[in-house]
Amino acid sequence: MCLDYIGPNCWFENFHNLPPEPVFFQIRSFSVLFTFPNIGQNKSRWRLLLTATLFAIKNKSQFTELQRLCRDCVPTRRRLLDKGVNCPSNCVSCRDGEENSFHLFILCSKSIECWKRVGLWPLLQRISSNGELFASVIFSFLQVSNQDHKAIFSVTLWSIWKGRNNQVWNQVEESPTLICQRDNQLLTDWKEAQKYRLNNEIINSPPAIIRWEKPQEGRFKCNIDAAFSHNKVGFGACIRDELGNFIVARTEWFSPCTDVVIGEALGLLKAVNWVHDMGYDNMDFELDAKRVVDSVTNPRPNDSDLGAITGECN
């Protein structure tokens, strides 16, 4: 049996041509709109946060740090005291003032020096002077900043926090110069990695098939696709000859509904059995489910449901 994958390059996790976002990231992250009640009901602000770091730096770890800061989940000394942890309340970095998120990242003298060095202090000073919550400062900054400033902002927040933790846990006090060098190096390395990844994908990506191709002389081709409803799975199969002439087609629904990969695999299995029952032994099969194609064309010991189904196809 000959089995081909005909899907376009959309299955690559492409972080470079923005928008759109990678689907897996978009869906997982969008849930924060409904699970972080202390931010309030302003979903437009969360959508801004969802896109700001991703579009600017395309680094999920920095996005997660912004999430934690806006939810006040960063374990500053004030936060630890609120949770019943016995510890001092003064700022680790400057030893002056209570260490909450607003102080540590905005008002601390060491942080101010860091923001001055990266060129963001005038804007942050103006925004933070309104006496808003730290989450509001973040949102306000993202609303008025360009993509480069959003990227610098996110990595500087991360580097300030890392410097603070180095002082707490390793007794290493870092200067503002070192903190800024680290965030600049992170941003530079990440951008270079993305350039390399993009170039590598351009070189290695197979050309997209933009139209149906006829089978070789003396063979037939069966194209298969699956569809999914609330409680059932449907599949369709269409057979054409070497000239592209329509021979026969079939559709079928079955229950219960499965996940996409299993549904596509079951559709292939039903098509294989259907073709076998009609007596064809010179058939090429073609579908757009890469995991299913890989499982059939590169068989290996596999006790999963997918492995069992594709094993029957062979």
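Every value quoted in this text rests on a predicted model; they were computed, and no experiment measured them.

A. Up close: helix α14 (residues 305-313). For α14, the set of buried residues is L306, G307, I309, T310 and C313. For α14, the arc enclosing every buried residue in end-on projection is 165°, short of the 170-degree limit, so these residues lie on one face. Exposed residues lying more than 90 degrees from the buried face of α14 are D305 and E312. Close packing links the buried residues of α14 with α12 (260-277) and α13 (290-297).

B. Quick peek at the nonpolar core. By size, the foremost hydrophobic cluster in this structure holds 32 residues, and its most contacted members are F105, I106, W115, L124 and F153. Elements with a minimum of two residues in this core: α4 (60-70), α6 (101-107), α7 (109-118), α8 (121-128), α9 (134-144), α10 (147-170) and α11 (176-204). Considering each element in turn, this core owes the most residues, seven residues, to α9. Ignoring sequence-local partners within four residues, the contact set of F105 consists of L69, S111, W115, F134, L157, I160 and W161. F220, V272, V275 and M283 belong to the second-largest nonpolar core, a separate cluster that totals 26 residues.

C. Seen up close, the environment of A308. With respect to the element layout, A308 can be found in helix α14. As a C-alpha pair, A308 and S295 span 13 residues in sequence and 9.9 Å in three-dimensional space.

D. Region of the structure containing the pattern of salt bridges. One pass over the full model with this rule turns up twelve salt bridges. One salt bridge in this structure joins R164 and E99, with 2.8 Å as the shortest N-O distance. Linking R164 in helix α10 with E99 in the loop between α5 (77-82) and α6, this pair joins segments that are 65 residues apart in sequence. A salt bridge links E113 to R117; its shortest N-O distance comes to 3.3 Å. Taken together, the residues E113 and R117, both in helix α7 and four residues apart, mark about one turn of the helix. By sharing partners, the salt bridges in this structure join R78, D82 and E98 into a single network.

E. Layout of α12. Between its terminal C-alpha atoms α12 stretches 26 Å, which fits the 26 Å expected from 18 residues at 1.5 Å a residue. Among the residues making up α12, those that are buried are I262, G263, E264, A265, G267, L268, L269, A271, V272, W274 and V275. Where α12 begins, the side chain of D259 points an oxygen toward the backbone nitrogen of V261, at a separation of 3.3 Å. Just past α12, the residue G279 takes up positive phi, approximately 90°.

Cut-offs and rules
- Residues numbered from 1 in each chain as written.
- Predicted model: local features only at pLDDT ≥ 70, side-chain atom pairs only at ≥ 80, totals over all residues.
- Heavy atoms only, no water.
- Buried < 20%, exposed > 50% of the residue type's maximum accessible area, 1.4 Å probe, protein only.
- Helix = DSSP H or I, 4+ residues; strand = E, 2+ residues; numbered from the N terminus.
- Arc of directions from axis to C-beta.
- Contact = heavy atoms within 4.5 Å.
- Core = buried A, V, L, I, M, F, W, Y, C linked by side-chain atoms within 4.5 Å.
- Salt bridge = Lys/Arg side-chain N within 4 Å of Asp/Glu carboxyl O.
- Expected span 1.5 Å × (residues − 1).
- Polar contact = N/O pair within 3.5 Å; in protein donor to acceptor, adjacent residues only side chain to side chain.

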